[in-house]
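Take a look at the letters that make up each chain.
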Amino acid sequence: MTTAYDAVVLAGGAARRLGGTDKPGVRIGGRTLLDRVLAACSGAGRTVVVGSPRPTGRPVRWTGEDPPGGGPVAALDAGVREAEAAVLLVLSADLPFLDGATVRSLLDALDEDPGAEAVLLTDAEGRDQPLVAAYRTGPLRRALDRLAHDHGGLAHLPLRHLTHALRLVRLPAGPFASFDCDTWEDIATARARIREHGSVLDEWITAVKDELGIELDVDTGVLLDLARDAAHNVARPAAPLTTFLVGYAAARAGEGGPEAVAEAARKAAALALRWEAEQDGPG
């Protein structure tokens with residue numbers, strides 16, 4: 001079972017390679033980069049975002065680095081000061097393909113190695129990604145304090161100064177888990193990838209649920225089968241109308257969870273089959 005954790009998301013920076021654009025607010029697949037990262041760490045007990053406050057898909061605690069624009073180490077220090085859990089997930093806000101599975105793998109790897117003080121993701125070239133990592137909060141705080149003492153502050157220090165002071169475990173990333181958006185070309189690549197045939201439906205459903213404030217896992221295949229049956233056995237416009245009615249019925253049935261959706265879909269699918277059977281003659 002994954003250990004309890006807090007999350008710190010770094011959402012500041014000047015985004016010079018994007019012409020100063022508000023990078024966390026750039027939309028990929030209809031959702032901001034920041035909201036995509038927040039969805040991946042939704043299991044955090046407390047989520048601290050270091051950056052300028054803005055609307056987000058779920059509640060977070062906001063803070064800023066001292067001095068403003070002081071770089072990632074100063075921003076991380078500001079976030080750590082707001083955290084409470086013994087384990088801290090640290091993420092940048094420009095990771096469009098980060099998912100819950102990657103977050104769990106980082107936390108599990110830290111839990112499985114009592115001697116490790118941090119688990120970092122590594123990219124396809126084997127480079128450390130200290131902003132896609134899980135840290136033990138105590139050693140991280142002590143390392144930040146030492147750096148501040150040795151350098152007279154944390155402003156504009158490189159992250160490698162911090163990670164060199166910790167006992168690390170490195171975890172190879174999947175093909176896209178550590179992909180970050182630093183340029184407009186990166187953003188174009190991310191936008192194109194989510195529209196690929198194998199992922200576009202999941203991306204769209206996630207975006208719709210996020211837009212509507214729905215936290216519900218349903219069997220997409222059941223609903224697609226229902227839409228097919230309604231379109232084939234009744235009439236094509238029956239497909240979207242039927243799935244809407246199934247959702248409405250599920251919402252009225254108690255808590256309207258996945259089981260209610262599945263039951264309503266089962267009933268509607270059976271009705272569509274009976275409807276078609278009537279065309280075959282009496283019975």
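See the structure printed just above.
Remember, predicted model here, so these are calculated numbers, not experimental data. (Residues numbered from 1 in each chain as written. Predicted model: local features only at pLDDT ≥ 70, side-chain atom pairs only at ≥ 80, totals over all residues. Heavy atoms only, no water.)

Q: How would you explain the pattern of salt bridges if you had to name every residue and give the values?
A: Pairs can form between side chains of opposite charge once their charged atoms are near each other. Enumeration over the complete set of coordinates arrives at 15 salt bridges. With a closest N to O distance of 2.9 Å, Arg-127 and Glu-125 form a salt bridge. Overall, Arg-127 belongs to the partly exposed group, its relative accessible area being 49%. The closest approach of N and O atoms between Asp-229 and Arg-228, which form a salt bridge, is 3.2 Å. Look at Asp-229 and you get buried, because its relative accessible area is 15%. Within this structure, Lys-23, Asp-94 and Asp-182 form a network of salt bridges that share partners. (Salt bridge = Lys/Arg side-chain N within 4 Å of Asp/Glu carboxyl O. Buried < 20%, exposed > 50% of the residue type's maximum accessible area, 1.4 Å probe, protein only.)

Q: Go over unusual backbone geometry with me, naming the residues and quoting the values.
A: Following Asp-66, the chain continues into Pro-67 via a peptide bond in cis, with omega recorded as 5°. Along the chain, Pro-67 turns up in the loop between β5 (61–63) and α2 (72–80). Within the chain, His-156 stands out as a residue other than glycine whose phi angle is a positive 65°. Counting through the fold element by element, His-156 comes out in the loop between α4 (137–151) and α5 (159–163). With a relative accessible area of 60%, His-156 lands in the exposed category. (Helix = DSSP H or I, 4+ residues; strand = E, 2+ residues; numbered from the N terminus.)

Q: Give me the lowdown on the pairing of strand β4 (residues 47–50), citing residues and values where you can.
A: Each regular strand displays side chains that alternate between the two surfaces of the sheet. Neither face of β4 is left uncovered, since the one carrying Thr-47 and Val-49 and the one carrying Val-48 and Val-50 both have all their residues buried. Pairing geometry for strand β1 (residues 6–10) and β4, over four bridges, is parallel. Across the sheet, the residue bridging to Val-8 is Val-48, located in β4. Pairing of β4 with β5 involves three bridges; the strand directions are parallel. For Val-48, the partnering residue across the bridge sits in β5 and is Arg-61. (Pairing = 2+ DSSP bridges.)

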